[in-house]
Amino acid sequence: MNKPGQVFIISGPSGSGKDTLIKALMEKRPEIKLSVSSVTRAPRPGELNGSHYNFITKDEFLRMLDNGEFLEYNTYLGNYYGTPRAQVEAWLQSGADVILEIDVNGAGHVKKKLPDAVSIFVMPPSMRELGERLAGRRTEDEETAQKRLLEALREMECAGSYDYIIINDRLQNAVRQLECVVEAQGCRAENMTETVKGVLKDAQSVNWQTSQNV
Ligand code: 5GP
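A brief look at the structure comes next. The shown structure was predicted, so the numbers you read here are calculated from the model rather than taken from an experiment.

On to the pairing of strand S6 (residues 79-84), then. Burial of S6 is extensive: five of the six residues sit out of reach of the surface. In this structure, strand S5 (residues 70-76) lies alongside S6, joined through six bridges in antiparallel fashion. Bridged to Phe70 within S6 is Pro84.

Another aspect to go through is the side chain of Ser35. As for its position among the elements, Ser35 is in the loop between strand S2 (33-34) and strand S3 (38-39). Residue classification places Ser35 among the buried residues on the basis of a relative accessible area of 10%.

Turning our eyes to something else, we now look at the sheet that holds S5. The strand order S4-S3-S6-S5 describes an open sheet built from four strands, whose pairing is mixed. Each edge of the open sheet is held by one strand with a lone partner, namely strand S4 (54-55) and S5. Inspection of the sheet shows S3 paired to S6 by two bridges, in the antiparallel sense. Looking at S6, one finds that Ser38 is bridged to Gly82. Packing against the sheet, helix H3 (residues 85-93) makes contact with S5 and S6, and its axis sits at approximately 30° to S6.

Across the sheet, five strands lie side by side as S2-S7-S1-S8-S9; this open sheet has parallel pairing. Looking along the sheet, the strands with just one partner apiece sit at the ends: S2 and strand S9 (164-167). For strand S8 (residues 118-123) and S9, the ladder comprises four bridges, and the chain directions are parallel. What sits directly across from Val122, in S9, is Ile166. The strands that helix H1 (residues 18-28) touches are strand S1 (7-11), S2, strand S7 (98-101) and S8; relative to S7, the one it contacts most, it runs at about 170°. The strands that helix H7 (residues 171-186) touches are S1, S8 and S9; relative to S9, the one it contacts most, it runs at about 160°.

What follows covers the site of the ligand. In the neighbourhood of the ligand, 18 residues make up the surrounding shell, with Ser37, Arg44, Tyr53, Glu72 and Tyr81 lying closest. Taking Ser37, its side chain carries an N or O atom lying 2.7 Å from an oxygen atom of the ligand. Glu72 has a polar side-chain atom sitting 2.7 Å from a nitrogen atom of the ligand. Sorting the residues of the shell around the ligand by element identifies S5, S6 and helix H6 (142-156) as the ones contributing at least two each. Classifying every residue of the shell around the ligand by side-chain character gives four nonpolar, six polar and eight charged.

Basis of the calculations
Residues numbered from 1 in each chain as written. Predicted model: local features only at pLDDT ≥ 70, side-chain atom pairs only at ≥ 80, totals over all residues. Heavy atoms only, no water. Buried < 20%, exposed > 50% of the residue type's maximum accessible area, 1.4 Å probe, protein only. Helix = DSSP H or I, 4+ residues; strand = E, 2+ residues; numbered from the N terminus. Pairing = 2+ DSSP bridges. Contact = heavy atoms within 4.5 Å. Axes fitted to C-alpha atoms, helices over the stretch in contact; angles between N-to-C directions. Near = heavy atom within 4 Å. Polar contact = N/O pair within 3.5 Å; in protein donor to acceptor, adjacent residues only side chain to side chain. Nonpolar A, V, L, I, M, F, W, Y, C, P; charged D, E, K, R; others polar.

In structure tokens form, the structure reads like this:
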């Protein structure tokens, strides 16, 4: 049986650049899967259904919620966001690592259900920078951008409860750090037991006398 995959939770306020970071990580590690959440908010310009999110109605969301189809869910600025359970579980069972890009509340719920999940918080280098990034987006009205900024503050206050914090100042550095976290997780002793067993099993087949003479 495959070793189950690893869950990586990635949170960070809107404008922290976590989407770009995740995209860069997945280019380097295409075997990692990214869970596509279901959401009741309208798509932003450029967002594709089934790729960025599954955009569904509130009725559909509530029906799925009733059926227990979400691993976790949360409301954010009046909209529902949820992680569909079936796909994530299938990936994990097949041995694939899975990224959940979810907010602070969702991260707390997942950590309770899956304590081995590794949580990573992406921080902007400063509030000023975050404000500028959000203002530069121009995909939302002023009021929503203000609400996101307040929400960002609330989320950043929770950064200390995560396993890792990455400051997204220079993208290249941040991507390297994210890769290091993923890499280090793969090297944890509990994740290496099959490899170690293989090496030890191989030792039985070595002709020690011959190899000592080499
Ligand atoms: P946005 O509207 O900017 O795409 O996302 C708003 C917030 O919702 C972000 O912090 C994002 O990480 C979070 N989010 C996206 N999908 C999910 C989800 O399935 N569950 C939870 N709990 N949060 C989500």
